[in-house]
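Analysis of the macromolecular model
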Amino acid sequence: MARRPGAEEERPWGLAEHGRLGKRKVVGVVVLDGWGEAPPDPFNCIHVADTPTLDALKKVPASLFSSLTLLHRFRFGSYMRMEILCLCGCMAWQGAPERWRLIKAHGTAVGLPTDDDMGNSEVGHNALGAGQIYAQGAKLVDLALDSGKIYEGEGFKYIQQSFDTGTLHLIGLLSDGGVHSRIDQLQLLLKGASEHGAKRIRVHILTDGRDVLDGSSVTFVETLENDLAKLQEKGVDARIASGGGRMYVTMDRYENDWQVVKRGWDAQVLGEAPHKFPSALEAVKKLRDDDPKANDQYLPPFVVVDESGKPVGPIVDGDAVVTFNFRADRMVMLAKALEYEDLDKFDRVRFPRIRYAGMLQYDGELKLPSHYLVAPPEIERTSGEYLAHNGVRTYACSETVKFGHVTFFWNGNRSGYFNPNLERYEEIPSDTGIPFNVQPRMKAVEVAEKARDAILSGKFDQVRVNIPNADMVGHTGDLEATIAGCKAADEAVKIILDAIEQVGGIFVVTADHGNAEDMVKRDKSGKPIRDKDGNVQPLTSHTLNPVPIAIGGPGLAPGATFREDLPDAGLANVAATLINLHGFEAPRHYEPTLIQVSPVPF
Ligand SMILES: O=C(O)[C@@H](CO)OP(=O)(O)O
Ligand SMILES: [Mn+2]
Ligand SMILES: [Mn+2]
């Protein structure tokens, strides 16, 4: 079994039997990406969408409810808090808090620096799979920059060797979104690198508009250009050299489309792009103004050129390169292109001899990149590894754009199987070359059908999927498409729940963070902000909202319900819950399980 170095080998992996929950029930785990909970509202696409399956998990019809209530009263001797909701003025639905609740999915609950940080897939799936809360990349980089330790590490010393004769290139996402990178960290790094000897610096920017509002790229470029001007006053030759929108240039993931990386490579390394500008500020303004459909996420690649039309900062032999994103998934492909001598994914034309370091090491197993400025969180003893040691057979599936979420992130940023005899991971190819509002149903049904087959096959104990629509389509800011995406996600869940029903299994339906439940920029009081023509600005980012978790299915022991003593529970509490549902006690160092199991009288 593949192990990471440094793991504590002596701690036993065997889990005690649960006692009240049996083994070998099929547990279907659905992660609805970007599916948060927010009050009903026209900009809450999940609320607007037709989602009968998810609605039914949240509420039970009154008739069924009264029998459940009686049952619970009988079992627990008291009623639980129930909420009554009238739909269409005729059918009464009532809340089922013993099987549906909300959990935290943002901020410190998932290891981010502050509770103002929205959740994201990396930290969300890390927490879901690991059962423990780790200080995540954003926070580790903050600490290393604040203490100055970043400049004492091996990674910085390595790139520093190029400072005398070469250029330092910084490539990454330019925003304060805090999901993949943060501009304030870039600012500190620029200052620190120049104080530690960098004389010529080139920044290759990727505009955001996904974790922050569309159009904000202009302000971020202005801020960066001001900083670089200050460095120039101090004698450092510092400029922005190239750029492009994150979804079109460089930041692809899970090898969905290498052309995205190629576009970035051409601009950053070769100094070639269809658009040439004297400055990055002009570039982003003009590219946005000239094409009414252009947005920050999909801005075409550009290079900054001097008076003679020569690119100001191609990457050449002897230079140093830092990719300043702390998050892994959308940097791994570029890291491979910068580091691997042999790569047949696209024609690099030129492979410069450089010293390259990542802000973090993006893949611990591949040891990629081999040099990095900050050590990544060591996520150890994940639920996947425990379950593999205890004979639980796992199937995981998503489409390409989220495949690594339910495998790599879920397993603590490690690719590959813990035990290939017990696990199977399957990827459905995502659409490429189109924004996700064009086909908002994405591959939700295909993923669900794979999960259904895995459930019915009898070969697996845990069948885990990520259904991406609410998130991927939500990021486009297209409300109508997002509503269609949420509907497709709901249909996918139904396929999985039907299969669970058929095999007498258990389901756990949850999400990794919010997105589609709030699709508009609001003022402090929560009202949508409208311009003078009454138009609103779509919110493309994730949110701070909690996410639902529902448990159920014919295999769930009748006495199993959510505990009421964990009002602040978050995603990290899910792993212990799942381990319980597989019939084991969770490891003691895990965040507590969400469920309790009362003995059922006779
Ligand atoms: O698309 C992404 O990279 C992020 C948003 O920046 O979304 P998620 O965390 O859901 O993958
Ligand atoms: Mn996500
Ligand atoms: Mn997202």
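Per chain, residues are indexed from 1 in the order of the written sequence. Whichever chain is written first becomes A and whichever ligand is written first becomes 1, with later ones labelled in order. Residues qualify for local features only when their pLDDT is at least 70, as the model is predicted, and side-chain atom pairs are given and counted only at 80 or more; totals for whole chains, interfaces and linings, by contrast, use all residues. Water and hydrogen atoms play no part in the side-chain values, which are based on all heavy atoms of the structure.

Another point: the site of ligand 1. The full set close to ligand 1 counts 17 residues, and Ser121, His180, Asp211, Arg327 and Arg330 are the nearest of them. For this analysis, a polar contact is any N or O atom pair within 3.5 Å, provided that within protein one partner can donate a hydrogen and the other can accept it, and provided that sequence-adjacent residues contribute only side-chain to side-chain pairs. One of the side-chain nitrogen or oxygen atoms of His405 is found 3.1 Å away from an oxygen atom of ligand 1. Only the protein chains shown count as cover for residues, with accessible areas throughout obtained via the Shrake-Rupley method and a probe of 1.4 Å. Bound to the protein, ligand 1 loses 100% of the 310 Å² it would expose on its own. Among the residues making up the shell around ligand 1, the classes are represented as one nonpolar, seven polar and nine charged. Counting contributing residues per domain, the shell around ligand 1 is built from domain 1 (27-58 + 97-134 + 379-597) and domain 2 (137-374), each supplying no fewer than three. Whether a residue is near a molecule or strand depends on its heavy atoms: it is near if one of them lies within 4 Å of it. Each residue gets one label: Ala, Val, Leu, Ile, Met, Phe, Trp, Tyr, Cys and Pro are nonpolar, Asp, Glu, Lys and Arg are charged, and the others, such as Gly, are polar. Each domain's limits were defined by an automated method or a database of domain assignments.

As a further point, take the domain arrangement of the chain. In terms of domains, the chain is made up of domain 1 (27-58 + 97-134 + 379-597) and domain 2 (137-374). Taken together, the contact between domain 1 and domain 2 spans 34 residues of the former and 26 residues of the latter. By definition, the buried area sums, over both parts, the 1.4 Å-probe accessible area that each loses when the two are put together. Both sides of the domain 1 and domain 2 interface together cover about 2200 Å² of buried area, and 52% of this is carbon and sulfur. Salt bridges are counted wherever a side-chain nitrogen of Lys or Arg sits within 4 Å of a carboxyl oxygen of Asp or Glu. Viewed at the interface, domain 2 and domain 1 are joined by zero salt bridges. Viewed at the interface, domain 2 and domain 1 are joined by eleven residue pairs in polar contact (both at pLDDT 80 or more). With eight residues, the top contributor of residues to the side of domain 1 that touches domain 2 is helix α13 (residues 400-409). Residues are treated as being in contact if the distance between any of their heavy atoms lies within 4.5 Å. Helical segments are the DSSP runs of H or I of at least four residues, strand segments are the runs of E of at least two, and each set is numbered from the N terminus.

Turning to the coordination of the manganese ion (ligand 2), a few remarks are in order. A donor here means an N, O or S atom no more than 2.8 Å from the metal, or no more than 3.2 Å when the metal is Na, K or Ca. Since water is not included, a site may seem to lack partners. Every protein donor of the manganese ion (ligand 2) is listed here as Asp33 (OD), Ser121 (OG), Asp512 (OD) and His513 (NE2), and their distances to the metal cover 1.9 to 2.1 Å. Along the chain, the residues that donate to the manganese ion (ligand 2) are spaced as D-x87-S-x390-D-H. Between the two metal centres, the manganese ion (ligand 2) and the manganese ion (ligand 3), the spacing is 4.3 Å. You can see Asp33 sitting in the loop between β1 (27-32) and α1 (45-48) and its partner Ser121 sitting in helix α4 (residues 121-130), a full 88 residues away along the chain.

We now examine the coordination of the manganese ion (ligand 3). Listed as protein donors to the manganese ion (ligand 3) are Asp471 (OD), Asp471 (OD), His475 (NE2) and His542 (NE2); their distances from the metal cover 2.1 to 2.3 Å. Angle rules define the geometry names used: all angles between 85 and 135 degrees makes four donors tetrahedral, while opposite donors over 155 degrees apart and all other angles between 65 and 115 make four donors square planar and six octahedral, leaving every other case irregular. Bound by six donor atoms, the manganese ion (ligand 3) shows angles of 57 to 169° at the metal and therefore irregular coordination geometry. Spacing between the donor residues of the manganese ion (ligand 3) along their common chain follows D-x3-H-x66-H. Judged by relative accessible area, which is 5%, His542 ranks as buried. Each residue is assigned to one of three classes by its accessible area relative to the maximum for its type, calculated with a 1.4 Å probe on protein chains only: buried under 20%, partly exposed between the two thresholds, exposed over 50%.

With that settled, consider the side chain of Asn413. Note that Asn413 resides in the loop between α13 and β15 (423-428). Under the relative-accessibility criterion, Asn413 is labelled buried at 11%. Only 3.0 Å separates the side chain of Asn413 from the side chain of Asn126, close enough to count as a polar contact.

Another aspect to go through is the environment of Arg355. If you trace the backbone, Arg355 turns up in strand β12 (residues 355-360). Arg355 sits in the partly exposed class, given a relative accessible area of 25%. As a C-alpha pair, Arg355 and Gly166 span 189 residues in sequence and 9.8 Å in three-dimensional space. Among residues more than four places away in sequence, those in contact with Arg355 are Tyr158, Ile159, Gln161, Ser162, Asp319, Ala320 and Val321. A distance of 2.9 Å separates polar atoms of two side chains, one belonging to Arg355 and the other to Ser162.

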